[in-house]
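Structural characterization, general
Each chain, written out:
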Amino acid sequence: MDGLQIHVTDSDDQVKDRLHDEIYRFNQEATGYRDGRGLTLRVGDASEELVAGLTGWTWGGTGYVDVLWVRADSRGAGLGGRLLAAAEKEAKARGCTSMALSSHSFQAPDFY
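Residues numbered from 1 in each chain as written. Predicted model: local features only at pLDDT ≥ 70, side-chain atom pairs only at ≥ 80, totals over all residues. Heavy atoms only, no water.

Structural notes on the nonpolar core
Cut-off, in case you're wondering: The set of buried Ala, Val, Leu, Ile, Met, Phe, Trp, Tyr and Cys residues whose side-chain atoms join them within 4.5 Å is what this entry labels a nonpolar core. Burial here depends on accessible area, computed with a 1.4 Å probe over protein chains only, as a share of the maximum for the residue type. Under 20% is buried, over 50% is exposed, and the range in between is partly exposed. Comment: elements are numbered from the N terminus, with helices defined as DSSP H or I runs of at least four residues and strands as E runs of at least two. The contact rule is simple, with two residues in contact once any of their heavy atoms fall within 4.5 Å.
Listed in full, the 11 residues of the largest apolar core are Leu39, Leu41, Val51, Ala52, Leu54, Val65, Val70, Leu79, Leu83, Leu84 and Ala87. Put simply, the parts of the chain that give this core at least two residues each are strand E1 (37–44), strand E2 (50–59), strand E3 (62–70) and helix H2 (79–93). For this core, the element with the most residues is H2, which contributes 4 residues. When neighbours within four sequence positions are excluded, Val51 is seen to be in contact with Val43, Gly44, Asp45, Trp69, Val70, Arg71, Ser74 and Leu79.

Description of the sheet that holds E1
Selection criterion: Any two strands with at least two DSSP bridges between them are considered paired. Axes, fitted as lines to C-alpha atoms, cover a helix only where it is in contact. Angles between the N-to-C directions of the axes lie from 0 to 180 degrees.
Read from one edge to the other, the open sheet built from 4 strands follows the order E1-E2-E3-E4, with strand pairing classed as mixed. Two strands bound the open sheet, and with one partner strand each, they are E1 and strand E4 (98–101). Recorded for the sheet is a direction-independent mean angle of 25° between the axes of neighbouring strands. Pairing geometry for E3 and E4, over 4 bridges, is parallel. What sits directly across from Gly63, in E4, is Met99.

And the structure:
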């Protein structure tokens, strides 16, 4: 594999999108599951400012939470739990039987 070089960058949405497409195509061929969908939940205030949200995906019977965030002035009131419950409900409606997520130990330790 002479002549191939590794390039490092902070971010490249075009590469990220291509990698997601390629691994999804590989996973489809390997498993036969073709039901992948994005999952986004948004909570806005009266002026539609973002207060909280959740992003992730569903595929092959699994739901995954990539990002769950609640604005500082709205934390501690159960909004994160409501978002997670809504994501689980939607994932179940899509045929998922398991959910997954990951976080650092310092991120909302009382929440988890």
